[in-house]
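Chain by chain, the residues:
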Amino acid sequence: MSTQPSFDDGLDRLEALVQQLESGSLSLEEALARFEEGVQLSQALQKQLAEAQRRVEVLKAGLGGEYRADPLDDAKDSR
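Residues numbered from 1 in each chain as written. Predicted model: local features only at pLDDT ≥ 70, side-chain atom pairs only at ≥ 80, totals over all residues. Heavy atoms only, no water.

### Remarks on the packing of helix H1 (residues 7–23) against helix H2 (residues 28–62)
The following threshold applies: Angles here are taken between N-to-C directions and fall from 0 to 180 degrees, while the axes themselves are lines fitted to C-alpha atoms, restricted in helices to the stretch in contact. Secondary structure is summarised from DSSP: a helix means a run of H or I of at least four residues, a strand means a run of E of at least two, and numbering begins at the N terminus for each. Roughly parallel covers angles under 35 degrees, roughly antiparallel covers those over 145, roughly perpendicular covers 65 to 115, and oblique covers all other angles. Note: crossing handedness is left-handed where the near helix turns anticlockwise from the far helix by less than a right angle, and right-handed where it turns clockwise. Residue contacts follow a heavy-atom distance rule, with two residues in contact if any of their heavy atoms lie within 4.5 Å. Polar here means any residue other than Ala, Val, Leu, Ile, Met, Phe, Trp, Tyr, Cys and Pro, which are nonpolar, and Asp, Glu, Lys and Arg, which are charged; Gly is therefore polar.
Two elements in contact, H1 and H2, have axes separated by 9 Å at closest approach and are oriented at 150°. Relative to H2, the element H1 lies roughly antiparallel. Between H1 and H2 the crossing geometry is left-handed. Residue-level inspection shows Phe7, Gly10, Leu11, Arg13, Leu14, Leu17, Gln20 and Leu21 of H1 in contact with H2, the latter providing Ala31, Arg34, Phe35, Glu37, Gly38, Leu41, Ser42, Leu45, Gln48 and Leu49. Of the residues assigned to the contact of H1 with H2, the class counts are 10 nonpolar, five polar and three charged.

### A look at H1
Count 3.6 residues to each turn of an α-helix, and residues three or four apart come out pointing the same way. This is how the line gets drawn: Helix span, expected: 1.5 Å multiplied by one less than the number of residues in the helix. Exposure classes here rest on a 1.4 Å probe applied to the protein chains alone. A residue is buried below 20% of its type maximum, exposed above 50%, and partly exposed in between. This arc describes the spread of directions from the helix axis toward the C-beta atoms.
With 17 residues, H1 should reach 24 Å at 1.5 Å per residue; the first-to-last C-alpha distance of 24 Å fits that figure. Buried within H1 are the following residues: Gly10, Leu14 and Leu17. Here the buried residues of H1 occupy an arc of 60° about the axis, which is enough to place them on one side. For H1, the exposed residues set more than 90 degrees away from the buried face come down to Asp8, Gln19 and Glu22. Taken together, the buried residues of H1 touch H2. After H1 finishes, the residue Gly24 shows a positive phi value of roughly 75°.

Have a look at this one:
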């Protein structure tokens, strides 16, 4: 059973894959392998983001029984 990397580690790996692909120094087979890894990693990261968003929505729904879909980085609170 493989463990899923943290979101930050996954994002770092995805950035490294993009840099490798952009370098143009990979063979076709290496580029395809990196691209495939990047697609799978991107899907896993999207899944982690969706789960985090769902958890935030559940927590907000439980606060006072009211549900409000406020942005996570609410600019009005930073004034």
